[in-house]
Amino acid sequence: MQHSKSDSYANAGVDITAGYESVELIKPHIKSTFRPGVLGGFGGFGGLFEPNLSGMKRPVAVSGTDGVGTKLKLALIMDKHDTIGIDCVAMCVNDIVCAGAEPMFFLDYIATGKNIPKRTERIVSGVADGCRQAGCALIGGETAEHPDMMPEDEYDIAGFSVGFVDYDHIITGKSIVPGDVIIGLESSGLHSNGFSLVRKVFADELSALDTYISELGQTLGEELLCPTRIYVKPLLSVIRQFGKEIKGISNITGGGYQENIPRMFPDHIRAQIEIANIPQKPIFDLLASKGSIPMSDMYNTFNMGIGMVLTVSSDQADSVMAALRECGERPHYIGHCVHGEKGVDLQW
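These lines cover the structure that appears in this document, whether it is placed above or below. Within any chain, residue numbers begin from 1 and follow the written order of that chain's sequence. Only residues with pLDDT of 70 or above have their local features reported here, since the model is predicted, and side-chain atom pairs are shown and tallied only from 80 upward, although totals for entire chains, interfaces and linings are computed over all residues. Derived side-chain values reflect all non-hydrogen atoms in the structure, with water molecules and hydrogen atoms excluded from consideration.

**So, unusual backbone geometry**
Inference 1: The backbone of His191 shows a phi angle near 60°, a positive value even though the residue is not glycine.
Inference 2: Residues other than glycine seldom take positive phi values, yet Ser292 does so here, at roughly 50°.
Inference 3: When you line up the elements, Ser292 lands in the loop between helix 9 (282-291) and helix 10 (295-301). In DSSP terms, a helix is any run of H or I states spanning at least four residues, a strand is any run of E spanning at least two, and both are numbered starting from the N terminus.

Have a look at this one:
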């Protein structure tokens, strides 16, 4: 079969030179995340990492993978791409630390209709920022052009992380008993869940995301794109300090309170959550009122101001909360455990 001289990868829609440029632009961001254990630098076929597992009798790898969902639509509308990578890292490492594991490395995958090097750099700068916040190394990744599959100006991002914990120190929730206290750590806002509903509620405002909203104290776009908080460092600090006194940890992501809090419980443990103790975030009130969303549905969908919860014995609660404050957190006593069918009761 004869091919014309114009046949090339570039003519097929893939710009190899843009790929080379992207790699050069993101190298400093990647190197800024390196920690002890990184081997081989950057650019090999596989990311190399040698974890320091000294002191662990039975090391267990804990992995997490996720994306950022339709929050990406807002980044595209606003042409702001330097925080969405933080969300991607957060969605992975916040899950890993729930088991008591320390995330050690992260890899990302960016699929795009057309590789725009400056935009790719901004995306990866956010990934690197998230990795620094989590204390894990960005040791590799992939940027793939998908001409004819995606519009040129669109992209998607996902990633995964791996951490380690000693088998005897895995946080399983099995020791949780009635009377234990539930402590909540504040979210930064919506994090990265429920954005299909968010975009529906604010459909009329999506063309004016730079509009200042007095209730929010910032523009709607700034509020909606606020990156997910990363809880790794404060949680690891209290885990190392209190050990098995940290009985359970749950990341409040998609599914809100009803789905996520029971994930750390053994059978026959039920949560009593005191709504009055949940810190008020104006974005959730705005969403509920504008979308006429019942509060029960809000708590089944969003974090409502609490992005991570811990379960501890009642006699350790004050000490754990004090330690969290020393880490810069603002912990809240939001409920306690009772005997009953696994689940959550919201007490108004």
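Structure shown, so let's carry the discussion forward.
**Things to note about the sheet that holds strand 6 (residues 155-166)**
Inference 1: By definition, two strands form a pair when at least two bridges between them are found by DSSP. Taken together, the 4 strands give an open sheet; going across it, the order is 3-6-4-5, and neighbouring strands pair in mixed fashion. Edge positions in the open sheet fall to strand 3 (59-67) and strand 5 (137-145), since each of these has one partner strand only. Taking the axes of each pair of neighbouring strands and ignoring which way they run, one obtains an average angle of 15° across the sheet.
Inference 2: Where strand 4 (residues 102-112) meets strand 6, 10 bridges bridge the pair, whose relative direction is antiparallel. An axis is simply a line fitted to the C-alpha atoms; with a helix, the fit covers only the stretch in contact. Between two such axes, the angle follows the N-to-C directions and lies from 0 to 180 degrees.

**Remarks on the layout of surface pockets**
The probe, sized like a water molecule, is rolled over the atoms to show the empty space still left.
Inference 1: When its volume is computed, the largest pocket comes out at roughly 720 Å³.
Inference 2: Along its surface, the largest pocket is lined by 34 residues, and Gly19, Val23, Gly141, Glu142 and Thr143 are the ones closest to its centre.
Inference 3: Listing elements by their share of the lining of the largest pocket, those giving two or more residues are helix 1 (16-31), strand 4, helix 4 (117-134) and strand 5.
Inference 4: Counting residues per element, the lining of the largest pocket draws most heavily on strand 5, which supplies 8 residues. Of the two site types, the cavity is a set of points on a 1 Å grid over the protein atoms alone where a 1.4 Å probe fits but cannot get out, and the pocket is an open set with protein on both sides within 12 Å along at least five of seven lines, each lined by residues with an atom within 4 Å of a point. Grid points are joined across faces, edges and corners, and a volume is the space filled by probe spheres set on the points.

**Some details on the packing of aromatic side chains**
Inference 1: Here a Phe, Tyr or Trp ring, Trp counted by its six-membered ring, pairs with any other such ring whose centre lies within 6.5 Å, and the pair is stacked when the planes are under 30 degrees apart, edge-to-face when over 60, and tilted otherwise. One pass over the full model with this rule turns up 4 aromatic pairs.
Inference 2: Aromatic pair Phe49 and Phe105: ring centres 5.4 Å apart, planes at 45°, arrangement tilted. Residue Phe49 is found in strand 2 (residues 48-49), and its partner Phe105 is found in strand 4; the two are separated by 56 residues along the sequence.
Inference 3: Throughout, exposure labels follow a simple rule: accessible area from a 1.4 Å probe, protein chains only, divided by the maximum for the residue type, with under 20% read as buried, over 50% as exposed, and the rest as partly exposed. Residue classification places Phe105 among the buried residues on the basis of a relative accessible area of 14%.
Inference 4: Seen in terms of ring centroids, Tyr299 and Trp348 are 5.6 Å apart; in terms of plane orientation they differ by 85°. Their pairing is edge-to-face. With Tyr299 in helix 10 and Trp348 in the segment after strand 14 (343-347), the pair connects residues that are 49 residues apart, well separated along the chain.
Inference 5: Through a chain of ring-to-ring contacts, three or more aromatic side chains come together here, namely Tyr257, Tyr299 and Trp348.
Inference 6: Both a distance and an angle decide whether a charge sits over a ring: NZ of Lys or CZ of Arg must be within 6 Å of the ring centre and within 35 degrees of the ring normal. When the ring centre of Tyr167 is taken as reference, the NZ or CZ atom of Arg58 above it lies at 3.7 Å.

That's the geometry; what it means functionally is another story.
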